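Structural overview for review
Residue strings, one per chain:
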Amino acid sequence: MKIGNTHTVGEIAAFLGCTVVGNPDQLVTGINEIHRVEPGDLVFVDHPKYYDKALNSAATTILIDAEVQCPEGKSLIVSQSPFDDYNRLTKKFHPYRPQMTMTGENCIIADSAHLSPNCFIGQDVEIGENVIIHPGAYIGDGTIIEENVIIGPNVVIGHYAFYYKRKPTGYDRMHSCGYVHIEKNVEIGALCTIDAGVSAITRIGEGTKIDNHVHIGHDTVIGKDCLLAAGVGLAGCVNVGERVTLWGQVGCASDITIGDQAIVLAQSGIAKSLEGGKTYFGSPCTEVKQAYREMAALRRLPGMLDQMK
Amino acid sequence: MKIGNTHTVGEIAAFLGCTVVGNPDQLVTGINEIHRVEPGDLVFVDHPKYYDKALNSAATTILIDAEVQCPEGKSLIVSQSPFDDYNRLTKKFHPYRPQMTMTGENCIIADSAHLSPNCFIGQDVEIGENVIIHPGAYIGDGTIIEENVIIGPNVVIGHYAFYYKRKPTGYDRMHSCGYVHIEKNVEIGALCTIDAGVSAITRIGEGTKIDNHVHIGHDTVIGKDCLLAAGVGLAGCVNVGERVTLWGQVGCASDITIGDQAIVLAQSGIAKSLEGGKTYFGSPCTEVKQAYREMAALRRLPGMLDQMK
Amino acid sequence: MKIGNTHTVGEIAAFLGCTVVGNPDQLVTGINEIHRVEPGDLVFVDHPKYYDKALNSAATTILIDAEVQCPEGKSLIVSQSPFDDYNRLTKKFHPYRPQMTMTGENCIIADSAHLSPNCFIGQDVEIGENVIIHPGAYIGDGTIIEENVIIGPNVVIGHYAFYYKRKPTGYDRMHSCGYVHIEKNVEIGALCTIDAGVSAITRIGEGTKIDNHVHIGHDTVIGKDCLLAAGVGLAGCVNVGERVTLWGQVGCASDITIGDQAIVLAQSGIAKSLEGGKTYFGSPCTEVKQAYREMAALRRLPGMLDQMK
């Protein structure tokens, strides 16, 4: 999430009641979660295991629970509870705004777009030329939909991310302040969900076609001209290349990269990153040749064991 | 389903045109399916295989298709078709009530609850303080939603159970007369379904967080602070303990118990009850160590078979 | 799709700017995709691999990209781009008609049917006696729903097929002109999708019961008295017999036939046609005995490998 060019490290630390290590006059221009940080961003970290990753990330300001050495040109905001303070910040800059009407304020909707009856359109939504949104669809705050996109009936775009921190008192949800960007010529079937980015953008690349009952988690980025069959589920922070094909009921863990033109056969589970240009099968999946060799060998195994008796 | 303290075994047998074995003046205070019976309840049984289970259950009155020996302190109602007569009873005490308005009668909704536009609220629904119900959600008759619960867009809570009896003429549905109870601080993602209890309660424990596209069957009871990732499907009558984690696309058969703090990895299938405190994988799943050992062995098998040639 | 008895091969070729081989006065009475053609139909083919199948199909007119030998009694329409010209035809005879109202024109709805608030009913829809359509359901153009059918909340019936042709410029969608026919006594749970036929009919047989989150692809035909549990996904052009049972999260590839009374256990994947009367398990599935033998053998494998060291 970008927050403009007027907020300094010192001001934000004061709002949070935290101390600064480094330059308090440095600007904080955005707030992002570690997977999607850019220069100018504030990021949070609350476990020594991830200190180095956060300190060496693109982020300029690090909200951290220890007074560690501050890298050159960066600043630390030292907090007793970085997760909670991060949530306070995102809620301050992007509060939850309950909406009583079917179309929210501050939307830009092209004249040629067809919004069916019974659609819910959030606030600050942009909808391009010739877009069709079918009945019952939910389009959350800040969603950008480029031209010629089709959104199927009862689809849910831009609901908050499933991102929780376990605490002794139960799970605490990271407040989502990101949104969804759907590029032109994308078509999305019925009853799909595409979650908002936690603090960045969930993006569906130009020309990608998505079947029914597909789930796409927060901050996942899908390239151009991909094909996702019915029942596919992608967790958060997945990076899918271009012209990737995922067949029915494929599942993918978070923080995975899938290379261009990879094909993943039905019901496979993707547990680690996949090179492009290859075909995969299994749960967890391997290259299809390997998977088929194992299946053929397993088919022979019971007979062999009988013989060995 | 509780039916008050005014109905006797004799009256109910007369309504059904059935005979009584035992005390006709005994009260029937509830009607329940075998998995969820309590003292005072009437239960039905229509196969000798299950006679003992029904007769020895907590139920006080047994609707049965044979004049068997009646346990001390209980009564039998002898019917030629217990399933049909049971359905006649539940329909009498809890008839289907078509609703023409978006909010039903006799609801208790807290002032601080935010009901988005386009929500359907059934009859006799209770909604607590600070609850947020997102657009397009369906909240069925009798649902209880405690404080601070969030229900995602287009979610369906309290639709009837998928519970059918095969007959020569086709499938006949057990009429649902139960409901859903969602405890405080539960959060439910978009496009989830939580079915009504057949005759008892489908319950989601305090603080449990549920991702998108999750299905929870009738009479399933989930404990506190569980985490259910996207695409999880639980059949009916499942008992999930506390702090259980089910990752994406996990499926679970009916009548299973999952112990506290169990973790089930993505795409696993749960075919029998699981001890708590352990991690499981596979379809059907085993403890993860065992599953990984098998996967590693299988990976070596094709090469071994080649060598043996 | 049927288009009446007034259109000749010559007229259609002229509309498309194509040449005719054979009899230009022959009638074209329908337009169908290869899986569902009938006499009188026009079909398209654009790859030499499938020429014979198309030429020898029941179709009377073949829209083709080469001037091949024309079978006796048939006609060819020779096109440089059969897919595009086929789409032009289906769009001409069955254009997309955006709808601004919650109930479309030209519907026939029985007085005893209960349409809940918040349902979207397309154009040319027929709804029989005692049908119940729950809130938020979407019923697409041309859907036929026979008596006593129940459609669950937020279900989507008759959305367009997921059927794309890959071109150098991206994916191009085959325009759907078919519809869905739901026979009497069918019950469909919450949040299901049943796609329209591409050019023919997606059909759900009498008495079939469907749980929540089920996906049924275009042109799939399901027989009488089947049971589909939650999360089942069937691709397009699947033929399911009578009294078939598919348990939770089963997936099925396109163009598969499943015989009468087959049972497929939970999470199985159906990759080729299945004989009736048998039980199957696995992904891809085999007969359950074989699947269990393999599982048992695999369970012993790690120990055996340890011994062999």
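Residues numbered from 1 in each chain as written. Chains lettered and ligands numbered in written order. Predicted model: local features only at pLDDT ≥ 70, side-chain atom pairs only at ≥ 80, totals over all residues. Heavy atoms only, no water.

Glancing now at the relation of the copies chain C and chain A. Superposing chain C onto chain A takes a rotation of 120° plus a shift of 0.0 Å along the axis, which leaves an RMSD of 0.0 Å. Such a combination of rotation and displacement between the chain copies is what one expects of a three-fold axis. Comparing contact sets, just 17% of the residues at the interface of chain C also lie at the interface in chain A, consistent with a heterologous contact between different surfaces. (Least-squares fit on C-alpha atoms with pLDDT ≥ 70 in both. Contact = heavy atoms within 4.5 Å.)

Attention now goes to the pattern of salt bridges. All names here are of chain B. Enumeration according to the criterion identifies 45 salt bridges over all chains in this entry. Two residues, K165 and D46, come together in a salt bridge whose shortest N-O distance is 2.8 Å. Of this pair, K165 sits in strand β15 (residues 164-167) while D46 sits in the loop between β3 (41-45) and α2 (51-55), and the two are 119 residues apart along the sequence. Judged by its relative accessible area of 24%, D46 is partly exposed. Across the salt bridge formed by R88 and D85, the nearest N and O atoms sit 2.9 Å from each other. Residue R88 and its partner D85 are located together in helix α3 (residues 82-93), separated by three residues, close to a single helical turn. (Salt bridge = Lys/Arg side-chain N within 4 Å of Asp/Glu carboxyl O. Helix = DSSP H or I, 4+ residues; strand = E, 2+ residues; numbered from the N terminus. Buried < 20%, exposed > 50% of the residue type's maximum accessible area, 1.4 Å probe, protein only.)

Before going further, it helps to examine the interface of chain B and chain A. As a measure of interface size, the accessible area lost when the parts come together is often cited. In this assembly, 41 residues from chain B lie in contact with 48 residues from chain A. At the boundary of chain B with chain A, total buried surface from both sides reaches about 3500 Å², with 60% on carbon and sulfur atoms. Linking chain B with chain A are three salt bridges. Between B:E187 and A:R173 there is a salt bridge whose closest N-O contact spans 2.6 Å. Taken together, chain B and chain A are joined by 18 residue pairs in polar contact (both at pLDDT 80 or more). Of all the secondary structure elements, the ones that give two or more residues to the side of chain B that touches chain A are β7 (114-115), β21 (209-210), β24 (227-228) and α4 (288-308) of chain B. For the side of chain B that touches chain A, the element with the highest residue contribution is α4(B), accounting for nine residues. Class assignment for the residues of the side of chain B that touches chain A results in 21 nonpolar, 13 polar and seven charged. (Buried area = accessible area lost by both parts, 1.4 Å probe. Polar contact = N/O pair within 3.5 Å; in protein donor to acceptor, adjacent residues only side chain to side chain. Nonpolar A, V, L, I, M, F, W, Y, C, P; charged D, E, K, R; others polar.)

Quick look at the packing of aromatic side chains now. Scanning all chains against the criterion turns up 18 aromatic pairs over all chains. With centroids separated by 6.0 Å and ring planes inclined at 75°, the aromatic side chains of C:F44 and C:F83 adopt a geometry described as edge-to-face. Taken together, the residues span a long stretch of sequence, with C:F44 in strand β3 (residues 41-45) and C:F83 in helix α3 (residues 82-93) at a distance of 39 residues. What makes C:F83 buried here is its relative accessible area of 2%. In this structure, A:K92 packs its charged tip against the face of A:F15, placed 4.7 Å from the ring centre. Lying across the ring of C:F15, C:R88 places its NZ or CZ 5.4 Å from the centre. (Phe/Tyr/Trp six-rings, centres within 6.5 Å; stacked < 30°, edge-to-face > 60°. Lys NZ or Arg CZ within 6 Å of the ring centre and 35° of its normal.)

In total, this model carries four cavities of 30 Å³ or more according to the counting rule given. Roughly 60 Å³ of internal volume is contained in the largest cavity. In terms of lining residues, the largest cavity is bounded by 13 residues, among which A:N118, A:G136, B:N118, B:G136 and B:N154 are the most central. Among the residues forming the lining of the largest cavity, the class breakdown is four nonpolar, nine polar and no charged. (1 Å grid on protein atoms, 1.4 Å probe; cavity = no way out; pocket = protein on both sides within 12 Å on 5 of 7 lines; lining within 4 Å. Points joined across faces, edges and corners; volume = space filled by probe spheres on them.)

This part covers the sheet that holds strand β31 (residues 269-270) of chain A. All names here are of chain A. Spatially, eight strands are ordered β8-β11-β14-β19-β22-β25-β28-β31 in an open sheet, and the strand pairing comes out parallel. Either end of the sheet is taken by a strand with one partner, and the two such strands are β8 (120-121) and β31. Of the strand pairs in this sheet, strand β19 (residues 193-194) and strand β22 (residues 215-216) are connected by two bridges, and their pairing is parallel. Considered in β22, the bridge of I194 is made with I216. (Pairing = 2+ DSSP bridges.)

Further remarks concern the domain arrangement of chain A. Residue and element names in this part refer to chain A. Segmenting chain A into domains produces domain 1 (9-93) and domain 2 (108-289). For domain 1 versus domain 2, the distance between C-alpha centres works out to 29 Å. Taken residue by residue, the interface counts 13 residues in domain 1 and 18 residues in domain 2. Regarding the contact of domain 1 and domain 2, the summed buried area is about 1300 Å², with carbon and sulfur atoms giving 54% of it. (Domains from an automatic or database assignment.)

In this section: the interface of chain C and chain A. Facing 48 residues of chain C, the contacting portion of chain A comprises 41 residues. The tally of links from chain C across to chain A stands at three salt bridges. Salt-bridge contacts for C:R293 lead to A:D306; the nearest nitrogen and oxygen are separated by 2.7 Å. Linking chain C to chain A there are 16 residue pairs in polar contact (both at pLDDT 80 or more). Secondary-structure elements contributing two or more residues to the side of chain C that touches chain A are β15 (164-167), β16 (170-173) and α4 (288-308) of chain C. For the side of chain C that touches chain A, the element with the most residues is α4(C), which contributes eight residues. Partitioning the side of chain C that touches chain A into residue classes produces 22 nonpolar, 20 polar and six charged.

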